[in-house]
Amino acid sequence: MQKHIPVLLGAVLEALGDVQGKTIVDCTFGAGGYSRAFLDRGANVIAFDRDPNVVADADALGAEYGERFRFVPRAFSNIAELESPVDAIVFDLGISSMQIDIAERGFSFRADAPLDMRMEQNGISATDFIEKSTVAELANVLRDYGDVKKANVLARAIKEACPQTTFALRDLIHNPKDIAPVFQALRIAVNDEMGELERALAVVPDLLVAGGKCVCVTFHSLEDRVVKNTFRAWTTAPGDPRMPVVACAPFGLIKTALPGAAELQNNPRARSAHMRGVIKNGESA
Ligand SMILES: C[S@@+](CC[C@H](N)C(=O)[O-])C[C@H]1O[C@@H](n2cnc3c(N)ncnc32)[C@H](O)[C@@H]1O
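Okay, so let's go over this structure.

**Quick look at the packing of helix H2 (residues 33-40) against helix H3 (residues 55-65)**
- Axis separation between H2 and H3 bottoms out at 11 Å; the angle between their running directions is 5 degrees. In terms of axis orientation, H2 runs roughly parallel to H3. Judged by residue contacts, Ser-35, Arg-36, Leu-39 and Asp-40 of H2 engage Leu-61, Glu-64 and Tyr-65 from H3.
- A class-by-class count of the residues in the contact of H2 with H3 yields three nonpolar, one polar and three charged.

Written as structure tokens, this is what we have:
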């Protein structure tokens, strides 16, 4: 199994600037590639991940960096519970190479396994989700999260067959172009990925110090749209721009980035990645 290669890490580090002595929240620990890079540059890191499989890597990093690293084995919507303001909050969304590559996790349509797809390894699996959804709800998931055409027809077929395995689901999808989007759509729904992102972003402004930064790496247009629209709202000055005194926007835009040719060659999983970053306005302490 290939270890996860961090995506757009150079661009994220550039967006964060000097992190020596700063406190960074890594909302998506994964294989710890981002966390390690922040620690190596002198930051203190609080890392979140909802997947119990990452705990061993997190413990190893804790043993290496001591009190500068803290791991919270929970979904990142819980960042609201952090006690004090932090200097940066970073999201590298989606799933890791390890999650895709371990067939039994049920994320991949390239290996036959139970149709699970739970990052957290508890709660309802993809099969349970299909069982408890109506055809209309399933169709909405396929349409909204996978942009699947003929979503109603496919939703009916899936509901009738109630597939228990990845291959059983894959075999119901007649248009090969729909296979990846259907798997993505179910994964997003099972893990409430859009709800997680929206709840976490909603508390970011209050958690950052003045001069603090939020950086997000997204992997599909749906999550990128949420990040783009949220950042646009934060970087727009309130009030009427035609009035003589225009209030300052709460945030400024710092950077957007896409992977370059070299990164794409080295890591095909970077293909749909998009990084956006903002900085909170105001006097830093
Ligand atoms: C793309 S990987 C992150 C890779 C990491 N940046 C690295 O360099 O190794 C995404 C990770 O985020 C975790 N994740 C996704 N959504 C999450 C959520 N809502 N709360 C906590 N962890 C989440 C996944 O379990 C996965 O391990």
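**A few points about the site of the ligand**
- Around the ligand, the surrounding shell holds 24 residues, and the nearest of these are Asp-49, Phe-76, Asp-92, Gln-99 and Glu-196.
- Within the contact set of the ligand, an oxygen atom lies 2.9 Å away from a backbone nitrogen or oxygen of Ala-31.
- Relative to its free-state accessible area of 610 Å², the ligand is covered by the protein chains to the extent of 99%.
- Classifying every residue of the shell around the ligand by side-chain character gives ten nonpolar, eight polar and six charged.

**Quick word on unusual backbone geometry**
- Of note, the phi angle at Lys-150 is positive, near 50 degrees, even though the residue is not glycine.
- Its location among the elements puts Lys-150 in the loop between helix H6 (135-146) and helix H7 (151-161).
- Backbone geometry places Asp-192, a non-glycine residue, at a positive phi of 45 degrees.
- Relative to the assigned elements, Asp-192 resides in the loop between helix H9 (179-190) and helix H10 (193-207).

**Remarks on the nonpolar core**
- If you look at the biggest cluster of nonpolar residues, it comprises 33 residues, and the most contacted ones within it are Val-12, Leu-16, Phe-38, Phe-69 and Met-275.
- Contributions of two or more residues to this core are made by helix H1 (9-16), H2, strand S2 (44-48), H3, strand S3 (69-72), strand S4 (86-92) and strand S5 (208-218).
- At six residues, H1 tops the list of elements feeding residues into this core.

**A closer look at the pattern of salt bridges**
- Considering all chains together, one arrives at 13 salt bridges under this definition.
- The closest approach of N and O atoms between Arg-170 and Asp-171, which form a salt bridge, is 3.5 Å.
- On the basis of relative accessible area, Asp-171 is assigned to the exposed category, the value being 51%.
- When salt bridges that share partners are traced, they join Asp-192, Glu-196 and Arg-199 into one network.

What counts as what
- What you see as residue numbers is a count from 1 along each chain, following the sequence as written.
- With pLDDT at 70 or above as the cut-off, local features in this predicted model cover only qualifying residues; side-chain atom pairs require 80 or more to be listed or tallied, and sums for whole chains, interfaces and linings still use all residues.
- Excluded from the side-chain calculations are hydrogens and water; all other atoms, namely the structure's heavy atoms, are used.
- Think of each axis as a best-fit line through the C-alpha atoms, taken over the contacting stretch in the case of a helix, with angles from 0 to 180 degrees between the N-to-C directions.
- Strands here mean DSSP runs of E at least two residues long; helices mean DSSP runs of H or I at least four residues long; both are numbered from the N terminus.
- Orientation categories follow fixed angle ranges, with anything under 35 degrees roughly parallel, anything over 145 roughly antiparallel, 65 to 115 roughly perpendicular, and all other angles oblique.
- It only takes one pair of heavy atoms within 4.5 Å for two residues to be counted as in contact.
- Residue type decides the class: Asp, Glu, Lys and Arg count as charged, Ala, Val, Leu, Ile, Met, Phe, Trp, Tyr, Cys and Pro as nonpolar, and the leftover types, Gly among them, as polar.
- Residues are labelled near a given molecule or strand when at least one of their non-hydrogen atoms is within 4 Å of it.
- N or O atoms within 3.5 Å of each other form a polar contact, as long as, within protein, one can give a hydrogen and the other can take it, and as long as residues adjacent in sequence are counted only when both atoms are side-chain atoms.
- Shrake-Rupley sampling with a 1.4 Å probe provides the accessible areas, and residues are treated as covered by the protein chains on show and by no other component.
- Put simply, a nonpolar core is a bunch of buried Ala, Val, Leu, Ile, Met, Phe, Trp, Tyr and Cys residues held in one set by side-chain atoms that sit within 4.5 Å of each other.
- Throughout, exposure labels follow a simple rule: accessible area from a 1.4 Å probe, protein chains only, divided by the maximum for the residue type, with under 20% read as buried, over 50% as exposed, and the rest as partly exposed.
- In what follows, salt bridge is the name for a side-chain nitrogen of Lys or Arg lying within 4 Å of a carboxyl oxygen of Asp or Glu.

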